[in-house]
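For reference, the chains in residue letters:
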Amino acid sequence: MESDALAARLGAVYPELPPGERAIARVILDDYPFAALGSLRSLAERAGVSPPTASRLVGRLGFAGFADFQAAVREGARDADRSRLREFVTRPPDTGQAAEDLRAGLEGTLAAMTGPLLDAVATRLAEAGGVWALGGPLSELAADYLVRQLAGLRPGARRVPETPPARARALLDLGPSDVVVAYDFRRYSPDTARFVRAARGRGARLILVTDAWESPLADEAEVLVRLPREAAGPIAPLTHEIAVTELVLVATASRLDASQRLADLDALTRDLSSDP
């Protein structure tokens, strides 16, 4: 991912880019550096934009042309690889720094979950006819956690099933009173996008939890929870997703009278766990 200065620079300018150039940046950052090393036309096709749009992004970054941009990508990737190798050979992993980075990133994530944004999410989860949650290969764990906890607070909280036939059956029951909660991070999940767009076609509303570069589903979202760049990385995102989910659950619980439901749940759990 952001393995060198050029990738970091692209991530830094991302929020100010127009939509077409954002699409190009998402493709590059999602598969960096490899996505940048094919032809300009193939890069544009992957992003669903025109080659001139890709050229404008390259020019915005200060390069005379696409060939110069690719040369910088190659050189940056080589430098980053050499730097990582030197660090690995000469210095053991700094677990203290890793913990500090994770702590700082988590603080940024929680700060990004402002009061109005949290209120918007919690209100929709409390008032929806039904709530369906899904995620990608790793973020599905956050979706599962949301549903497990939310089901104790209110009826109609479900995980989106895995297989296409089961998802099709789920879509039959979706309508305008329902909310879909999607967790979608780089690499963005095509399966998640297909289900969300089908659900939106049936009138369901979308709460999207995504990263700083934004899932392609961002334009579909009624409420967008956009985690900061500090949440990027191969492990940290799940920590941030769970933290945000905890905040959402607490805020949702404050809007529901779930005391009797929770008491019934405890009693049923004891009954099912007891020996005959």
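Heads up: the structure comes first, above all this text.
1. A look at the overall build of the protein
Scanning the protein from terminus to terminus reveals 12 helices and 5 strands. At a minimum sequence separation of 6, the contacts of the protein that also span at least 24 residues come to 71%. Accessible surface for the protein amounts to roughly 14,200 Å². Of this, 57% is attributable to carbon and sulfur atoms.

2. Remarks on the pattern of salt bridges
Pairing of side chains with opposite charge becomes possible as their charged atoms draw close. Under the defined criterion, the tally for this structure stands at 13 salt bridges. Measuring nitrogen to oxygen at the nearest pair gives 2.2 Å for the salt bridge that ties Asp-119 to Arg-255. Within this pair, whereas Asp-119 is found in helix H7 (residues 115-127), its partner Arg-255 is found in the loop between helix H11 (236-253) and helix H12 (259-273), the two being separated by 136 residues in sequence. Given a relative accessible area of 35%, Arg-255 falls into the partly exposed group. A salt bridge links Asp-191 to Arg-194; the shortest N-O distance between them is 2.4 Å.

3. Description of the pairing of strand E3 (residues 178-184)
Counting buried positions along E3 gives 7 out of 7 residues, so the element sits mostly inside the fold. Both faces of E3 are covered, namely the face carrying Asp-178, Val-180, Ala-182 and Asp-184 and the face carrying Val-179, Val-181 and Tyr-183. Bridge analysis of strand E1 (residues 130-135) against E3 gives 6 bridges, and the strand direction is parallel. Among the inter-strand pairings, Val-131 is bridged to a residue of E3, identified as Val-179.

4. Here's the deal with the packing of aromatic side chains
For any pair of aromatic rings, the description rests on two quantities: the centre-to-centre distance and the angle between the ring planes. For the coordinates displayed, the defined rule picks out 2 aromatic pairs. Measuring from ring centre to ring centre gives 5.6 Å for Phe-63 and Phe-69, while their planes differ by 75°; the resulting arrangement is edge-to-face. Classification of Phe-69 by relative accessible area gives buried; the value is 2%. One aromatic cluster is present, formed by Phe-63, Phe-66 and Phe-69 through successive ring pairs. The ring of Trp-213 carries Arg-186 above its face, with NZ or CZ at 3.6 Å from the centroid.

5. A short note on the packing of helix H1 (residues 5-13) against helix H2 (residues 19-30)
Orientation of H1 relative to H2, taken along the N-to-C sense of each, is 145°, at an axis distance of 10 Å. Here H1 runs over H2; the crossing is left-handed. Residues Ala-7, Leu-10 and Gly-11 of H1 pack against Ala-25, Ile-28 and Leu-29 of H2.

6. Considerations on the side chain of Arg-167
Within the secondary structure layout, Arg-167 lies in helix H9 (residues 164-172). One buried charged side chain, Arg-167, makes no salt bridge at all; its nearest oppositely charged neighbour is Glu-162, positioned 4.6 Å away. For Arg-167, the residues in contact, after removing those within four places along its chain, are Leu-134, Val-160, Pro-161, Glu-162, Asp-191, Thr-192 and Phe-195.

7. Things to note about the sheet that holds strand E2 (residues 157-159)
Read across the sheet, 5 strands follow the order E2-E1-E3-E4-E5 without closing on themselves; strand pairing throughout is parallel. Looking at strand neighbours, the two that pair on one side only are E2 and strand E5 (223-226), the edges of this open sheet. This sheet shows a mean twist of 15° between the axes of neighbouring strands, independent of strand direction. As paired elements, E1 and E2 share 3 bridges and run parallel to each other.

8. Side note on the nonpolar core
Counting 31 residues, the largest nonpolar core has Met-113, Val-121, Leu-125, Val-181, Tyr-183 and Val-225 as the members making the most contacts within it. Core analysis: the second largest hydrophobic core is formed by 27 residues, Val-27, Ile-28, Tyr-32 and Phe-69 among them.

9. Section: unusual backbone geometry
A cis amide bond, omega -10°, links Arg-186 with the succeeding residue Arg-187. As for its placement among the helices and strands, Arg-187 is situated in the loop between E3 and helix H10 (190-201). Positioned with a positive phi, Glu-214 is a non-glycine residue whose angle comes to about 70°. Here Glu-214 lies in the loop between strand E4 (205-210) and E5.

10. Description of the pairing of E4
With 5 of 6 residues buried, E4 lies mostly within the body of the structure. In the sheet, E3 pairs with E4 via 6 bridges, with the strands oriented parallel. Bridging from a neighbouring strand, Val-180 pairs with Leu-206 of E4. Between the parallel pair E3 and E4, the chain is carried across by H10, and the sense of this crossover is right-handed. Bridge count between E4 and E5: 4 bridges; the pairing is parallel.

11. Description of helix H3 (residues 40-47)
Given 3.6 residues per helical turn, the α-helix brings residues three or four places apart onto the same face. Listed in full, the buried residues belonging to H3 are Leu-43, Ala-44 and Ala-47. Buried residues of H3, viewed axially, fall in a sector of 95°; they line one side. Counted as exposed and oriented over 90 degrees from the buried face of H3: Arg-41 and Glu-45. Looking one or two residues beyond H3, the residue adopting positive phi is Gly-48, at roughly 75°.

What counts as what
- Residues numbered from 1 in each chain as written.
- Predicted model: local features only at pLDDT ≥ 70, side-chain atom pairs only at ≥ 80, totals over all residues.
- Heavy atoms only, no water.
- Helix = DSSP H or I, 4+ residues; strand = E, 2+ residues; numbered from the N terminus.
- Contact = heavy atoms within 4.5 Å.
- Areas by Shrake-Rupley, 256 points an atom, 1.4 Å probe, with all protein chains shown as cover.
- Salt bridge = Lys/Arg side-chain N within 4 Å of Asp/Glu carboxyl O.
- Buried < 20%, exposed > 50% of the residue type's maximum accessible area, 1.4 Å probe, protein only.
- Pairing = 2+ DSSP bridges.
- Phe/Tyr/Trp six-rings, centres within 6.5 Å; stacked < 30°, edge-to-face > 60°.
- Lys NZ or Arg CZ within 6 Å of the ring centre and 35° of its normal.
- Axes fitted to C-alpha atoms, helices over the stretch in contact; angles between N-to-C directions.
- Left-handed = near helix turned anticlockwise from the far one by under 90°.
- Lys, Arg positive; Asp, Glu negative; His and termini not counted.
- Core = buried A, V, L, I, M, F, W, Y, C linked by side-chain atoms within 4.5 Å.
- Right-handed = clockwise from strand over helix to strand, strands pointing away.
- Arc of directions from axis to C-beta.

Note that all results are geometric; they support no functional claim without further evidence.
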